[in-house]
Amino acid sequence: MPFYHKLGKIPPKRHTQFRKPDGSLYSEQLFGTIGFDGMYSNIYHENRPTQVKEIKKQYNVAPKISKQNNIQSFRFKGFEVKPEKDYLDSRKTVLTNSDCSIILAAPQESQKDYFYKNTNADELIFIHKGTGKLRTFLGNLDFKYGDYLLIPRGIIYKMEFDTEDNRLFIVESKRPIYTPKRYRNWFGQLLEHSPYCERDIRKPEELETYDEKGEFLIKVKKGDDIFEMVYATHPFDVVGYDGYNFPYAFSIHDFEPITGRIHQPPPVHQTFETDAFVVCSFVPRLYDYHPLSIPAPYNHSNIDSDEVLYYVDGDFMSRNDVAAGHISLHPAGIPHGPHPGAAERSIGKTKTDELAVMVDTFKPLQVTEDAMKIADDTYYQSWLDH
Ligand SMILES: [Fe+2]
């Protein structure tokens, strides 16, 4: 996050002696990004965080690709992804390219006997269903419906769910995920016209510290492989840290929509940015108020971006027959727009209660075999007059 956070105990001066009550040293770690040129935190551990005991297994989890080069519009029925007990097993990549992967998951159980770390990618987890706690070595975040959880690469974490009924929409990003630059001043502060501000961002305030030795399994994702690494010390042994690199939560319900007299373009919904894709939030809002306005979007060609819309809740004005949990994929290169009758039907309406998350990628997305299992293969013909 482009602002400073401090949690737990830290010494007054960085890189100086910081001692435990018994006189021994805490172990300092500089947790940096982009070759130490990006955001970083200075972390103080009970034990050296380097104590690898064993590397047990290495296995590949690359998604199987069904359509390498795609020009067909698709609808995927996200809630048809079957719930699975284990968090990592439950994650099904549906769309992917060399920058990012879009993943659906319906995990039933909390991570009990292992920790997880993604070394390649920042993870943005949108909570569609479920409540619980994201536990990390840099502090915990409670989550509920509508939360985005931003977990920067390298954060060791565990997901804990309160019930078995969970639905997650996850974006794994090899490019760092930031708040949009145009909403920040040159010091990084969110500006007045930003649809959210620092107060809306929830930082970790609860830190769990275990000074324990034994065998602790971390499943580490690197490339398309998972490495099962056993460490000799508890991964949650941080007594304190400060800096700019930490996990945080932001609720889609705290996104303040930007509206206008005529239809506003998608960038007004932008919530996060990378240099390879953007994430937008469509939230309940007043419609355009020009006397001749058409609230439904015009047909549009985002000619060089794939557009992925994940429908969360409410009534989706521009589409016929779209339900919560559905994903639409409108690929680069061809126009899309309202379904037959939707533009006319939208005239005179004053507000919408739609809730959706959009991911627009600059490189085309490949469609996976898991996506084809939940695909509506005739959706691309849904703009025809009947
Ligand atoms: Fe669109």
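Residues numbered from 1 in each chain as written. Predicted model: local features only at pLDDT ≥ 70, side-chain atom pairs only at ≥ 80, totals over all residues. Heavy atoms only, no water.

### Re the pairing of strand E8 (residues 100-105)
Here comes step 1: Most of E8 sits inside the fold, with 6 of its 6 residues counted as buried.
Here comes step 2: Residues of E8 alternate between two faces, with Cys100, Ile102 and Leu104 on one and Ser101, Ile103 and Ala105 on the opposite face, all of them buried.
Here comes step 3: As paired elements, strand E7 (residues 92-96) and E8 share 4 bridges and run antiparallel to each other. Looking at the pairing, Thr96 lines up with Ser101 of E8.
Here comes step 4: Linking two consecutive strands that pair antiparallel, namely E7 and E8, is a turn of 3 residues.
Here comes step 5: Alignment of E8 against strand E15 (residues 167-173), held across 6 bridges, turns out to be antiparallel. Residue pairing across strands places Ile103 opposite Ile170, the latter belonging to E15. (Buried < 20%, exposed > 50% of the residue type's maximum accessible area, 1.4 Å probe, protein only. Helix = DSSP H or I, 4+ residues; strand = E, 2+ residues; numbered from the N terminus. Pairing = 2+ DSSP bridges.)

### With respect to unusual backbone geometry
Peptide bonds are mostly trans, and most non-glycine residues show a negative phi.
Here comes step 1: You will see that His15, though not glycine, has its phi angle at about 60 degrees, which is positive.
Here comes step 2: For His15, the location among the structural elements is in the loop between strand E1 (5-8) and strand E2 (27-32).
Here comes step 3: Residue His15 is classed as exposed on the basis of its relative accessible area, which comes to 52%.
Here comes step 4: One non-glycine residue, Phe36, adopts positive backbone phi at about 65 degrees.
Here comes step 5: For Phe36, a relative accessible area of 62% translates into the label exposed.

### Here's the deal with the nonpolar core
Here comes step 1: Grouped together as the largest cluster of nonpolar side chains are 80 residues, with contacts concentrated most on Tyr87, Ile125, Met159 and Phe169.
Here comes step 2: Element by element, the count of residues in this core is highest for E8, at 5 residues.
Here comes step 3: The residues touching Ile125, leaving out its near neighbours within four places in the chain, are Tyr87, Asp147, Tyr148, Leu149, Ile151, Tyr157, Met159, Leu168, Phe169 and Ile170. (Core = buried A, V, L, I, M, F, W, Y, C linked by side-chain atoms within 4.5 Å. Contact = heavy atoms within 4.5 Å.)

### Examining the coordination of the iron ion
Here comes step 1: Distances from the iron ion to its protein donors, His300 (NE2), Glu307 (OE), Glu307 (OE) and His336 (NE2), fall at 2.0 to 2.3 Å.
Here comes step 2: Taken together, the 4 donor atoms surrounding the iron ion define angles of 58 to 168 degrees at the centre, an arrangement classified as irregular.
Here comes step 3: Written as a sequence motif, the donor residues of the iron ion are H-x6-E-x28-H.
Here comes step 4: You can call Glu307 buried: its relative accessible area is 6%. (Donors = N, O, S within 2.8 Å, 3.2 Å for Na, K, Ca; no water. Tetrahedral: all angles 85-135°; square planar, octahedral: opposite > 155°, others 65-115°.)

### Points about the UniProt feature "domain: Homogentisate 1,2-dioxygenase N-terminal" (unreviewed entry) in the protein
Here comes step 1: Following the UniProt record, one finds the feature "domain: Homogentisate 1,2-dioxygenase N-terminal" (unreviewed entry) at residues 50-251.
Here comes step 2: End C-alpha atoms of residues 50-251 are separated by 35 Å, and the span's content is 2% helix alongside 47% strand. (UniProt positions renumbered as here; feature names shortened; annotations may be inferred.)

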